[in-house]
Amino acid sequence: MKTHRARRVVYVALVSLAALCLLPPAGSRMAAQGKGTIKIATQSPLSGGQAALGEGIKLGAQLALERFKGPLEKMGFAVELVPFDDQAKPDVGVANAKNLIADPNVLAVIGHLNSGVAIPASEVYKDASLAMISPANTNPTVTDRGYPNVFRVCGRDDVQGAVGAEFAKSLGVKTAYVIHDKTTYGQGVAEFFKAEAEKKGIKVLGFEGSEERSNFDPTITPLKARNPELIYFGGLYDQAGPFFGQAREKGVKSRFMGPDGLDSSDLAKIAGRAVVGMYYTSVAGPVSVYPQARQFAEEYRKKFGKNPEPFAAQAYDATAIALRGIAAAAKIEFDGKGDPKKALYFVLQVTSDNPEKWGENREVKRLLIASPTPKM
């Protein structure tokens, strides 16, 4: 199967499998018989401040691959995970994407963590018809462009921001101050929160973007003077942690809230008691809220010696979807023209003049016939 055609068949197969979640065991494994190697790639930050979530994505994908690669191995393929560190940087993610599409054995990408990386990288995947299944990207643009090879298994920020604002209103909050990290993700979800909060009658006293990582005095001083009831931080835990800690140290009494970018155990390591009582929304509920995910959590802890981070379970599901799509595509062999090497043909007999029963017409004969040999 030629690379571009193989990738296209894979993502078409994925459309019909997009609802798949936490499949049963795939069965016994067999050694590869020489048909070649199928690679599933991951792209997420494996170094830097966001590595906790990025590593969770890689490990969730690894666990799924080990569990669900059996059918492809039975067909004679070797199946391999190839993790890439996008460093949470758009230029690195794009460079990695170019390397991925150059490898004909890569048939799907699980990633990214950051929408600001996923959006430009997916432009590269689109041109090569390489399926991307995101476990974590929530910015609406990721899928609103309508690219047929781009999927996600999580929700969107236009909804998540509104959920946060609705909950803030239910707490009786009347004033809020919104801060974001100037990224596609952080600013986007902060804008959605702000817009919905104002619709709900919450007065937004400030809306500010900052790329600061250590000294938040310039933000905290004017914020404290406005004394908002709630501070909403649109961004990631590695920046929010120091901000929340310094805000409490400087006597800020406001409630804290944010989106799923704050959903990491490392936030508690960074900010300590400053985040006790904080609210956050998430598109990746903890595995404890999904009874069917209990086995996943147990397998993850047994395999890696730690609890799964948010988005690990979503990466597991995304990888399972990819493997099922590839297995479905691998059952169809094409010739050099793009025709199936063998196709089914049927002879049927009409059994009723009732249009409602047309689908019950009788199969008289079924034939599996090879495609015609190309004329020279």
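That block above? That's the structure.
Everything in this summary refers to the structure shown in the same document. Nothing here was measured: the structure is a model prediction, and the numbers come from that model.

### Details of the sheet that holds strand β2 (residues 77–85)
Moving on, step 1. With parallel pairing, the five strands of this open sheet are ordered in space as β2-β1-β3-β4-β5. Only two strands of the sheet have a single neighbouring strand rather than two, namely β2 and β5 (150–152). Between one strand and the next, the sheet's axes are offset by a mean angle of 20 degrees, whatever the strand orientation.
Moving on, step 2. With nine bridges joining them, strand β1 (residues 36–44) and β2 adopt parallel strand pairing. Each residue of the ladder has a partner; that of Ile38, found in β2, is Val79.
Moving on, step 3. Docked against the sheet, helix α13 (residues 312–330) engages β1, β2, β3 (106–111) and β4 (131–134), running at close to 165 degrees with respect to β3.

### Notes on unusual backbone geometry
Moving on, step 1. The peptide bond linking Gly111 to His112 adopts the cis configuration, its omega dihedral lying at 10 degrees.
Moving on, step 2. Following the sequence through the fold, His112 ends up in the loop between β3 and α5 (115–127).
Moving on, step 3. A positive phi angle, close to 60 degrees, is found at Ala88, a residue other than glycine.
Moving on, step 4. Assignment of secondary structure puts Ala88 in the loop between β2 and α4 (90–101).

### A closer look at α5
Moving on, step 1. For α5, spanning 13 residues, the distance from its first C-alpha to its last is 19 Å, which sits close to the expected 18 Å at 1.5 Å a residue.
Moving on, step 2. At Ala121, α5 shows its largest kink, close to 30 degrees.
Moving on, step 3. Those residues of α5 that fall on the buried side of the exposure criterion are Ser115, Gly116, Val117, Ala118, Ile119, Ala121, Ser122, Val124 and Tyr125.
Moving on, step 4. Just downstream of α5 lies Ser129, where phi reads positive at about 55 degrees.

Parameters and conventions
Residues numbered from 1 in each chain as written. Predicted model: local features only at pLDDT ≥ 70, side-chain atom pairs only at ≥ 80, totals over all residues. Heavy atoms only, no water. Pairing = 2+ DSSP bridges. Helix = DSSP H or I, 4+ residues; strand = E, 2+ residues; numbered from the N terminus. Axes fitted to C-alpha atoms, helices over the stretch in contact; angles between N-to-C directions. Contact = heavy atoms within 4.5 Å. Expected span 1.5 Å × (residues − 1). Bend = angle between axes of the 7 residues up to and from the residue. Buried < 20%, exposed > 50% of the residue type's maximum accessible area, 1.4 Å probe, protein only.

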